[in-house]
Amino acid sequence: MTSDAVQPCPVADAHRRLMDCHTQWHMLHDSYLDPDGFRLNLNSLVPNLRNVTWLLQKQKAVIPNFATWYPEFQESCKKSEIMGWVVKSRNRITKESDLELLSSCQVVWTRNWLERVEATATFPPRMSTSEIIHALRHSNTPPVGLITVRRKWVDKALPSWELLAATAEAYSWLSQILWRAHEAFGVERCDLADRPVECVTSALHSTLMRLPCMHLAQSELQAHFTMSGGVVEEEFESFEPDPATLKAAGERYGELKFPTSGPIENVPGFMAIARTLTEKDGHHGMFAFLYNGERVVATQELRFNDQDTKMLSFEGIADLVESTRADGIVIISESWLAIPTEKEKELKTIFFPARDRLDRMEGISVYAATRDGRQAELLSMIERGPNGEASCGEPIDVTIPTGANTLTPIRRKWDDMEKRGL
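Note on numbering: residues in each chain are counted from 1, in written sequence order. Totals for whole chains, interfaces and linings use every residue, but because this is a predicted model, local features are given only for residues with pLDDT of at least 70 and side-chain atom pairs only at 80 or more, for both listing and counting. To get the side-chain values, all heavy atoms of the structure are used, and hydrogens and water are removed first.

## Some points on the pattern of salt bridges
Put simply, the rule reads: Should a side-chain nitrogen of Lys or Arg be within 4 Å of a carboxyl oxygen of Asp or Glu, the pair is scored as a salt bridge. A run of H or I in DSSP counts as a helix once it spans at least four residues, and a run of E counts as a strand once it spans at least two, with each numbered from the N terminus. Each residue gets one of three labels from its accessible area relative to the maximum for its type: buried under 20%, exposed over 50%, partly exposed in between, using a 1.4 Å probe on protein chains only.
Counted according to the given criterion, the structure contains 21 salt bridges. Across the salt bridge formed by E169 and R210, the nearest N and O atoms sit 3.1 Å from each other. Here R210 lies in the loop between β5 (189–190) and α7 (212–219) and E169 lies in helix α6 (residues 163–185), a separation of 41 residues in the sequence. Looking at E169, the relative accessible area reads 1%, which means it is buried. Salt-bridge contacts for D319 lead to K413; the nearest nitrogen and oxygen are separated by 3.4 Å. One end of the pair, D319, is in helix α10 (residues 307–324); the other, K413, is in helix α12 (residues 408–419), and 94 residues separate them in sequence. Given the relative accessible area of 22%, D319 is considered partly exposed.

In structure tokens, the structure reads:
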């Protein structure tokens, strides 16, 4: 694109319809526990998703190079389970009958990083998540581990997709193609006004990533609890450094060179930054950087006080991997380390986490993994001075990643995405 100035929208009818879809998607979310309202909103949203491409095609005579790039989009749609479902569902709604909807509840028991069991339970559609949790507490559920409850509406013709996720996925496809149309005209930002719903704007995305508001809204329809400890809250948040923050960081830490390659290649650069921050501040938090190729698509700070919350945080990161189409991840973390005992090695287990052991050591680790199976890790041991000041040792390569368990939810998500063609 050639300019970042606001210009008239070159495909205003199609773009307004896409913004209508965004608004309707949130109405669909808000009606999730009302079967009649959910069906009504879905029946309005799906035809509008289909109409976006029709309105775009009506302008094909004036859109630059339309005959070159639009057929490529059509071919991609033919291979997409979601876009094929949108076309067929629109025809079913307008020419035949409503979609055949099924309401269920997914229950996931997570005993530890490697032991995870999923089951589908049937509850009345109007039953809230808190009411489902109450019912599960008084049923034959496992007494230990983390339990996640997710409400789930599906169309019988698309059983592998929850419908909020499916329609959010379709929206991302359409946002991408309208971005391409704007690019063809050389329009960076168009003049369409924002809608009353705060997140409904004219912003478009060049890649297949779901909007942050859609990702967050979907997470509201699930809850997590333990049989002994009550409800467990997710503890991670996005952060985007603003100019003022970057200026303050420069004044405190000096020049920090942010690495700009892919996740594996960026491990040494992130380690250099982590050592500088740790020696200056005496500590370092846990941060996740999600990548699509060499581009960072999401940044998250993770906080947790126990193992259950830690597992939950990484399950949340795994969901974000799908929403952003991330194919790589870098984790930076200060952590406790301990050498496994001979018995632990023999049984391939851990009796006591490192944080609870007297012989624990402290270190900074930076580890990365990619969807194609590559991984890398550097570890810097921390020595403390008499007043608690930190000194970080020279980084060493780690052949068996210390963060292997935390990456399990992400690898599980990548496997699931592969099966669904994402």
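## Side note on the side chain of R325
Formally: Contacts were defined at the residue level, with two residues in contact if any of their heavy atoms lie within 4.5 Å.
Mapping R325 onto the fold places it in the loop between α10 and β11 (328–337). Since its relative accessible area comes to 12%, R325 is described here as buried. Beyond its immediate stretch of four places on either side in the chain, R325 contacts E169, W173, L208, N292, M417 and L422.

## Quick look at the environment of L28
Structurally, L28 can be placed in helix α1 (residues 12–30). Relative accessible area serves as the criterion here: at 0%, L28 is assigned to the buried category. Leave out the neighbours within four places in its chain, and L28 touches F38, N41, L42, L45, L164 and T167.

## Structural notes on the nonpolar core
Keep this limit in mind: Working definition of a nonpolar core: buried Ala, Val, Leu, Ile, Met, Phe, Trp, Tyr and Cys residues. They are joined through side-chain atoms within 4.5 Å.
Core analysis: the biggest nonpolar cluster contains 79 residues, and L56, L290 and I329 have the highest contact counts within it. With residues up to four places along the chain from it excluded, the contact list for L56 reads V11, A14, I63, F66, Y70, I177, L178 and A181. In terms of nonpolar packing, the next biggest core, distinct from the first, is built from 17 residues, V267, M271, I364 and A368 among them.

## Things to note about the pairing of strand β10 (residues 295–302)
Stated formally: A pair of strands is treated as paired once DSSP finds two or more bridges between them.
Summarising the sheet, strand β9 (residues 286–292) and β10 pair through seven bridges and their orientation is antiparallel. Directly across from L290, in β10, lies its bridge partner A298. Here β9 folds back onto β10, and the loop between the two strands holds two residues, one of which, G293, carries a positive phi near 65°.

## Let's talk about empty space enclosed by the protein
In plain terms, the rule: Think of a 1 Å grid over just the protein atoms. A cavity is a set of points where a 1.4 Å probe fits yet cannot get out, a pocket is an open set with protein on both sides within 12 Å along at least five of seven lines, and lining residues have an atom within 4 Å of a point. Grid points are joined across faces, edges and corners, and a volume is the space filled by probe spheres set on the points. Throughout this entry, Asp, Glu, Lys and Arg are counted as charged residues, while Ala, Val, Leu, Ile, Met, Phe, Trp, Tyr, Cys and Pro are counted as nonpolar. The remaining residues, Gly among them, count as polar.
Here the structure, examined in full by the defined rule, presents one cavity of 30 Å³ or more. Within this model, the largest cavity holds a volume of roughly 70 Å³. Lining the largest cavity are 13 residues, and of these T148, R150, H224, L312 and E315 lie nearest its centre. Take the lining of the largest cavity: its biggest share by element is four residues, from α10. Split into classes, the residues belonging to the lining of the largest cavity amount to three nonpolar, five polar and five charged.

## Structural notes on the packing of helix α3 (residues 66–79) against α6
Quick reminder of the rule: Helix axes are fitted only over the stretch in contact, all axes being lines through C-alpha atoms; the angle between N-to-C directions runs from 0 to 180 degrees. If an angle is under 35 degrees, it is roughly parallel; if it is over 145, roughly antiparallel; if it lies from 65 to 115, roughly perpendicular; otherwise it is oblique.
In the contact formed by α3 and α6, the axes pass within 11 Å of each other and the chain directions differ by 170°. Accordingly, the angle class assigned to the pair α3 and α6 is roughly antiparallel. Side by side, α3 and α6 meet where W69, Y70, F73, S76 and C77 of the first sit next to W173, I177, R180, A181 and A184 of the second. For the contact of α3 with α6, a count of residues per class yields eight nonpolar, one polar and one charged.

## Comments concerning the environment of Y367
Applied cut-off: Here a polar contact means two N or O atoms within 3.5 Å. Within protein one must be a hydrogen donor candidate and the other an acceptor candidate, and residues neighboring in sequence count only if both atoms are side-chain atoms.
On the secondary structure map, Y367 appears in strand β12 (residues 361–370). Sequence separation between Y367 and E377 is ten residues; the distance between their C-alpha atoms is 4.1 Å. Looking at Y367, its side chain comes within polar contact range of the side chain of T406, at 2.7 Å.

## Thoughts on the pairing of β9
When you tally the buried positions in β9, you get six out of seven residues, the bulk of the element. Two strands pair when backbone bridges link them, and β9 and β11 are joined in this way by five bridges, in the antiparallel orientation. Bridge pairing in β11 places A288 opposite I331.

## A short note on the confidence of the model for the chain
We apply this condition: Per-residue confidence from the prediction method is given by pLDDT, with values spanning 0 to 100.
For the chain, the mean per-residue pLDDT works out to 84, and 86% of the residues sit at or above 70. Mean pLDDT values over the elements of the chain span from 59, in strand β8 (residues 236–238), up to 96, in α1.

## Things to note about the state of the cysteines
Spelled out, the test is: What counts as a disulfide here is a pair of cysteine sulfur atoms lying within 2.5 Å.
Counting across every chain of the model gives zero disulfides. Of all cysteine sulfurs, the one in C213 lies closest to C199, which takes part in no disulfide; the gap is 3.3 Å. For C199, a relative accessible area of 28% corresponds to the partly exposed category.

## Topic: the packing of aromatic side chains
Counted only if it meets this: Stacked, tilted and edge-to-face are the three classes applied to pairs of Phe, Tyr and Trp rings, where Trp contributes its six-membered ring and a pair requires centres within 6.5 Å; stacked means planes under 30 degrees apart, edge-to-face means over 60, and tilted covers the rest. In this scheme, the term charge over a ring applies when either NZ of a lysine or CZ of an arginine sits within 6 Å of the ring centre and within 35 degrees of the ring normal.
As enumerated under the stated definition, the model contains ten aromatic pairs in all. Where W69 meets Y70, the ring centres are 6.2 Å apart and the plane angle is 75°; that geometry is what we call edge-to-face. You'll find W69 and Y70 in the same group, each marked buried. Aromatic side chains F73 and W173 sit 6.3 Å apart centroid to centroid with 55° between the ring planes, which places their arrangement in the tilted category. Of this pair, F73 sits in helix α3 while W173 sits in helix α6, placing them 100 residues apart in sequence. The same class applies to F73 and to W173, which are both buried. Put simply, the rings of F66, W69, Y70, F73 and W173 touch in pairs and so form one group of aromatic residues. We note R420 situated over the ring of W161; from NZ or CZ to the ring centre the distance is 4.5 Å.

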